[in-house]
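# Chains, contacts and geometry: an overview
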Number of protein chains: 2
Amino acid sequence: MTGFTPTGKLHLGHFVGNLENLLKLKSEYDEFLLLADTHAITTLSKDPKVIRQHALGNILDMLSVGLSEDEVTYYIESEIPEIYELASLFSMYVSHNRALRNPTIKDEIKMKGLGDQFSLGFINYPMYQAADIMCVKGELVPVGKDQEAHLEQAREITEVLNKLAGREIFPLIRTMIGRVGKLVGTDGNPKMSKSLGNTIYLSATEKEVEEKVMNMYTDPTRIHATDPGHVEGNPVFEYLDAFGKEGDRGKISEYKYAYTKGQVGDVEVKKYLVQILNNFMEPIRERRKEYDNEERLLAIAQKGTQRARGETQKTLQEVKEVLGLVY
Amino acid sequence: MTGFTPTGKLHLGHFVGNLENLLKLKSEYDEFLLLADTHAITTLSKDPKVIRQHALGNILDMLSVGLSEDEVTYYIESEIPEIYELASLFSMYVSHNRALRNPTIKDEIKMKGLGDQFSLGFINYPMYQAADIMCVKGELVPVGKDQEAHLEQAREITEVLNKLAGREIFPLIRTMIGRVGKLVGTDGNPKMSKSLGNTIYLSATEKEVEEKVMNMYTDPTRIHATDPGHVEGNPVFEYLDAFGKEGDRGKISEYKYAYTKGQVGDVEVKKYLVQILNNFMEPIRERRKEYDNEERLLAIAQKGTQRARGETQKTLQEVKEVLGLVY
């Protein structure tokens, strides 16, 4: 199980962050993919109407990378009221102090520039996230590194409830961090964001990929192509490492060597990266064409949500029985 | 609309606080009565299984005072997941700072001795309360004075949502404070509480009423029956004023006069209060006998909850349409 807050399009960072792991594990696991649309209100409170389109767009992005609706259950949080009741019950067993100590919450406040003007719902987010996972009894959660603190809180909640129940009603949640710890932005910024314009979307056209890559930040200490360059911390090489296929490894190594010796220019390596990325994205673009239809996306979302809601209703009932809240 | 957190039995303070107003208005309004059972976890987190019994007991208390199931819709919060989703959506539009500034929250922390160990859910309580009211489009809320700060927050939420919607989807919530601002405990403590044992339950027997009244705190400055006594701040007279019927007013006035002149003893006035209270409680006890059956109470709770849930689903859909979260 994993999820996204639909505030924009998915990009290459999301692919290496967790989608790649979902692809790898899809034959082994019953996978659930959540769209946390109400959480998107945190940054879109004045313009909430765009969230729905982002949610459907994210489902399209994920279908396009190869997570088909037959292999993955897509579900939309706001369509499952029982998730919110679960989260509310959890919040009775988590102290307010503990919630404020969550380092990811602190980071997000800084990153999103929320100052002291964040909503009450924002502080509750780890509860919703715990409910998003636990409602379908999630065991393995492929996530980005920044989400680990939330997952720690979810684990604490499973422990409290299992203890109250006197048996294991929730499995221990394990996280799975992506192969590439964190993909840098095309401008070298360690944080990718829509507002910085430093991402390459999974839906980018060939031309857009070319533009982004040709403008990519490389090695600021290197003025001429004949100067020895740095490979580490250089986005061009980070992207080559992240998206080159097995068969490309030899050539990537050659380019790295030549770059540090001042034997190859930025333009040549960038052109190569454009080719690597467009190769990677070719099948994604093909599948996107097939799925890009609002009615079809809606039907996929509805079907998955119906299944997840059924699971959630069972889970909620189980928790309510533990608490004796059954009428 | 009004509600109770089922942490114990209802007492005379609840009657004058809001039940009396519900009785008065029942022919004019479509009344809803909520049991906020998940909020009861705040103080009963280690023993949540008693909450259900309190909830059914509170419904019995309310039926007994004359709020029949044909006139009032009884509903149980935990049985309506959509209330929690509404509350979650509201919490996206309320700042964390605003929630912490709520004076009732501050008072409750002090009163319940929660220190800094209160739950996240506790801070969210005003959101649930807003959702409890707004889910059935509550207009008039008979409440105790201590709940006014919560209601103020609910009003702020109606304003935000009506503004987002561009029309009035929620009516302005008006509060209605009971005739007796606040009934003191039988020990003279301004706060009634189960742990202090200073309440008279609506379910008290004649004997229990007698015991409580005969041990009532009166005027500590008065040693002998012939000493002039104080009527103001004297629980015996406060209860006489609160529960004496129209026809008893003359006699109550005479007793007050005699008491200030040292012409009547505590015992005589207390015996009179016992009689007044037992007269008041006689019809309550009769109706209690009729309703005191778990299956019947459950059926009443289920029927009311079903109706309230239908209303809540409509309200949630309306709010989600305003936010564009419709799939």
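Every value quoted in this text rests on a predicted model; they were computed, and no experiment measured them. (Residues numbered from 1 in each chain as written. Chains lettered and ligands numbered in written order. Predicted model: local features only at pLDDT ≥ 70, side-chain atom pairs only at ≥ 80, totals over all residues.)

## A look at unusual backbone geometry
Positive phi, close to 55 degrees, is recorded for K137 of chain A, a residue that is not glycine. Relative to the assigned elements, K137 of chain A resides in the loop between α8 (125-134) and β4 (140-143). (Helix = DSSP H or I, 4+ residues; strand = E, 2+ residues; numbered from the N terminus.)

## Thoughts on the sheet that holds strand β1 (residues 2-4) of chain A
Residues and elements named next belong to chain A. Taken together, the three strands give an open sheet; going across it, the order is β1-β2-β3, and neighbouring strands pair in parallel fashion. The sheet is open, and its two edges are formed by β1 and β3 (72-76), each paired on a single side. The average undirected angle you get between the axes of adjacent strands in this sheet is 20 degrees. The pairing of strand β2 (residues 31-35) with β3 spans five bridges and is classified as parallel. Directly across from E31, in β3, lies its bridge partner V72. Each of β1, β2 and β3 touches helix α3 (residues 49-64); the most contacted strand, β2, lies at about 150 degrees to it. (Pairing = 2+ DSSP bridges. Axes fitted to C-alpha atoms, helices over the stretch in contact; angles between N-to-C directions. Contact = placed C-beta atoms within 7 Å.)

## Focus on the relation of the copies chain A and chain B
Expressed as a screw operation, the relation of chain A to chain B combines 0.0 Å of axial shift with a rotation of 180 degrees, fitting to an RMSD of 0.1 Å. Between the two chains, the operation in question is that of a two-fold axis. Taken as a fraction of all interface residues of chain A, those also at the interface in chain B reach 100%, which identifies the copy contact as same-surface. (Least-squares fit on C-alpha atoms with pLDDT ≥ 70 in both.)

## Observations regarding the domain arrangement of chain A
Residues and elements named next belong to chain A. The domain boundaries assigned to chain A delineate domain 1 (2-183 + 294-323) and domain 2 (206-287). The interface of domain 1 with domain 2 comprises seven residues on the first partner and four residues on the second. Class assignment for the residues of the side of domain 1 that touches domain 2 results in five nonpolar, two polar and no charged. (Domains from an automatic or database assignment. Nonpolar A, V, L, I, M, F, W, Y, C, P; charged D, E, K, R; others polar.)

## Quick look at the environment of T205 of chain A
Among the structural elements, T205 of chain A can be located in the loop between β5 (174-177) and α10 (206-214). The spacing of T205 of chain A and R285 of chain A is 80 residues in sequence and 8.2 Å in space, taken between C-alpha atoms.

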